[in-house]
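# A closer look at the structure
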Amino acid sequence: ARISGPSAWFEHMLPRIRSSQWRGPEPVEILQQPGETVYVPAGWWHIVVNLDPVVAVTQNIGALHDYAKIEDIVRRKRPDIYEKWIARVRFCWPHLVQQ
């Protein structure tokens with residue numbers, strides 16, 4: 001049986017990443033305490049495991065100077081929301097969208 005999802009990552013990938021044979025970037029592991037905020041820079045691969053029941057608040061931020069790249073990503077990866085999204089962008093920031 002093929003196992004996928006976060007549990008498979010922890011079972012199969014994490015041991016490889018922690019091994020002395022790992023040649024990729026060194027992982028950063030933290031234990032977030034109550035009341036702490038963690039900032040994950042754009043483009044950083046990450047995985048989270050919650051040890052206790054939690055309420056998580058996340059926010060993805062797109063800078064105006066990255067608009068063309070963001071639009072391309074939304075168009076390719078989220079065709080299900082693209083038309084509604086681009087209509088909202090046209091309404092809020094009409095100067096960004098080329099007709």
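Because the structure is predicted, anything quoted here is derived from the model rather than measured. (Residues numbered from 1 in each chain as written. Predicted model: local features only at pLDDT ≥ 70, side-chain atom pairs only at ≥ 80, totals over all residues. Heavy atoms only, no water.)

### Side note on the packing of aromatic side chains
- By the definition in use, this model includes three aromatic pairs.
- Ring plane angle 10° and centroid distance 6.2 Å describe the contact between Tyr67 and Trp85, whose orientation is recorded as stacked. Taken together, the residues span a long stretch of sequence, with Tyr67 in helix α2 (residues 67–77) and Trp85 in helix α3 (residues 79–92) at a distance of 18 residues.
- For Trp85, a relative accessible area of 23% translates into the label partly exposed. (Phe/Tyr/Trp six-rings, centres within 6.5 Å; stacked < 30°, edge-to-face > 60°. Helix = DSSP H or I, 4+ residues; strand = E, 2+ residues; numbered from the N terminus. Buried < 20%, exposed > 50% of the residue type's maximum accessible area, 1.4 Å probe, protein only.)

### Observations regarding the pattern of salt bridges
- One pass over the full model with this rule turns up four salt bridges.
- Between Asp72 and Arg76 there is a salt bridge; the shortest N-O distance is 2.9 Å. Taken together, the residues span about one helical turn, with Asp72 and Arg76 both in helix α2 at a distance of four residues.
- A salt bridge links Arg78 to Asp80; the shortest N-O distance between them is 2.8 Å.
- Overall, the relative accessible area of 39% leaves Arg78 in the partly exposed class.
- Residues joined in a network through salt bridges with shared partners are Asp72, Arg75 and Arg76. (Salt bridge = Lys/Arg side-chain N within 4 Å of Asp/Glu carboxyl O.)

### Quick notes on the side chain of Glu71
- Summarising the element assignment, Glu71 is placed in helix α2.
- Put simply, Glu71 is tucked away with no salt bridge, and the nearest opposite charge, on Arg75, sits 5.4 Å away.
- With near-sequence residues (within four places) excluded, Glu71 lies in contact with Tyr82, Trp85 and Ile86. (Lys, Arg positive; Asp, Glu negative; His and termini not counted. Contact = heavy atoms within 4.5 Å.)

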